[in-house]
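Listed here are the chains, written in short residue letters.
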Amino acid sequence: MSCALTQDYSFGCDVGAGGNKEAYFIEKENIVSYTESSGTLTAITKATGKVFRKYQLVLETSVWTETITGNRQNGTNFYAQAGTVIINKQQVAVRNEIMLLAKNQLVAVVKDNNGFYKLYGRDDGLMLLAGTADTGTTWADRNGYTLNFTGNERELAPFVSDAVVATLQTPG
């Protein structure tokens with residue numbers, strides 16, 4: 001059987017933490033290839049001169065979700081990916097960059113609060129299809145942007161090795 005289960009699962013010694021620390025974005029068209037080994041990317045080849053752009057994430061505001069979606073009758077299964085990024089303080093440069101994000105199919109590498117990196121939008125890309133620019137009402141309200149990225153993939157997001165992360169902002 002080609003889909004035979006391969007391992008057991010038991011609780012680990014430590015607990016995890018929710019949330020995300022940073023996200024790196026690049027246009028999907030600027031990814032040349034990936035090398036993967038057992039669910040972890042060991043290489044990402046970028047187009048010449050291209051880099052991932054780093055976005056620091058506001059503590060306890062960003063979430064990335066993968067929803068397993070299947071249909072038994074049709075024999076289909078896919079993973080709906082969704083990410084929310086919060087950017088505080090509306091600024092001209094940020095506004096202009098958001099408009100560029102919205103015009104592209106994207107790939108994102110996201111670091112969670114456990115120190116793990118995962119790649120979203122690997123094959124079919126992510127799109128910035130919804131979001132808001134809010135001024136807030138009271139002095140304590142957030143003034144900034146909420147960006148909602150979505151995509152569908154055939155597999156769960158792969159993890160990304162630390163060696164690959166170290167090269168994300170090095171030109172391809």
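Below: a short report on this structure. (Residues numbered from 1 in each chain as written. Predicted model: local features only at pLDDT ≥ 70, side-chain atom pairs only at ≥ 80, totals over all residues. Heavy atoms only, no water.)

**Quick look at the overall build of the chain**
At step 1: Regarding its fold elements, the chain presents two helices and eleven strands.
At step 2: Starting at the N terminus and walking to the C terminus, you meet the elements of the chain as β-β-β-β-β-β-α-β-β-β-β-β-α.
At step 3: If one aligns the C-alpha atoms of the chain with their principal axes, the spans along those axes are about 60 × 40 × 40 Å.
At step 4: Within the chain, the proportion of its 172 residues that are buried is 34%.
At step 5: For the chain, long-range pairs separated by at least 24 residues make up 69% of all intrachain contacts whose partners lie at least 6 apart in sequence.
At step 6: Approximately 10900 Å² of the chain is accessible, and the part contributed by carbon and sulfur atoms is 51%.
At step 7: Each charge sign in the chain was given a centre, from 15 positive and 17 negative side chains, and these centres are 7 Å apart. (Helix = DSSP H or I, 4+ residues; strand = E, 2+ residues; numbered from the N terminus. Buried < 20%, exposed > 50% of the residue type's maximum accessible area, 1.4 Å probe, protein only. Contact = heavy atoms within 4.5 Å. Areas by Shrake-Rupley, 256 points an atom, 1.4 Å probe, with all protein chains shown as cover. Lys, Arg positive; Asp, Glu negative; His and termini not counted. Charge placed at Lys NZ, Arg CZ, Asp CG, Glu CD.)

**What about the packing of aromatic side chains?**
At step 1: Throughout the structure, instances matching the rule amount to five aromatic pairs.
At step 2: Taken together, a centroid distance of 4.9 Å and an interplanar angle of 25° make the contact between Trp64 and Tyr120 stacked. A residue pair is termed long-range when its members are at least 10 positions apart, and Trp64 in strand 5 (residues 63-71) and Tyr120 in strand 8 (residues 117-120) qualify at 56 residues.
At step 3: Classification of Trp64 by relative accessible area gives buried; the value is 11%.
At step 4: Tyr120 gets classed as buried once you look at its relative accessible area, which sits at 6%.
At step 5: Ring centres 5.9 Å apart and planes at 85° place the aromatic pair Phe116 and Phe159 in the edge-to-face group. A residue pair is termed long-range when its members are at least 10 positions apart, and Phe116 in the loop between strand 7 (106-112) and strand 8 and Phe159 in strand 11 (residues 159-160) qualify at 43 residues.
At step 6: Members of the aromatic cluster, connected to one another through ring pairs, are Phe25, Tyr55, Trp64, Tyr120 and Phe149.
At step 7: The ring of Phe159 has Lys118 lying over it, and the distance from NZ or CZ to the ring centre is 5.4 Å. (Phe/Tyr/Trp six-rings, centres within 6.5 Å; stacked < 30°, edge-to-face > 60°. Lys NZ or Arg CZ within 6 Å of the ring centre and 35° of its normal.)

**Quick notes on the layout of surface pockets**
At step 1: Its volume calculated, the largest pocket comes out at about 240 Å³.
At step 2: The wall of the largest pocket is formed by 14 residues, among which Phe25, Ile26, Glu27, Arg53 and Glu97 lie closest to the centre.
At step 3: Among the elements of the structure, strand 1 (20-27), strand 4 (53-56) and helix 1 (92-101) are those that each provide at least two residues to the lining of the largest pocket.
At step 4: Among the residues forming the lining of the largest pocket, the class breakdown is seven nonpolar, three polar and four charged. (1 Å grid on protein atoms, 1.4 Å probe; cavity = no way out; pocket = protein on both sides within 12 Å on 5 of 7 lines; lining within 4 Å. Points joined across faces, edges and corners; volume = space filled by probe spheres on them. Nonpolar A, V, L, I, M, F, W, Y, C, P; charged D, E, K, R; others polar.)

**A few points about the side chain of Lys118**
At step 1: Tracing the sequence through the fold places Lys118 in strand 8.
At step 2: Among the polar contacts listed, one links the side chain of Lys118 to the side chain of Glu66, at a separation of 3.2 Å.
At step 3: Every residue in contact with Lys118, bar those within four places of it in the chain, is listed here: Glu66, Ala108, Val109, Val110, Ala157, Pro158, Phe159 and Val160. (Polar contact = N/O pair within 3.5 Å; in protein donor to acceptor, adjacent residues only side chain to side chain.)

**Observations concerning the nonpolar core**
At step 1: Ranked by size, the top nonpolar core spans 20 residues in total, and within it Phe25, Trp64, Val85, Ile87, Leu101, Leu147 and Phe149 carry the most contacts.
At step 2: If we ignore the near neighbours within four places in the chain, the residues touching Leu147 are Gly83, Thr84, Val85, Ile87, Ile98, Leu101, Leu128, Ala130 and Gly131.
At step 3: Grouped together as the second largest cluster of nonpolar side chains are 15 residues, Tyr24, Tyr34, Phe52 and Leu119 included. (Core = buried A, V, L, I, M, F, W, Y, C linked by side-chain atoms within 4.5 Å.)

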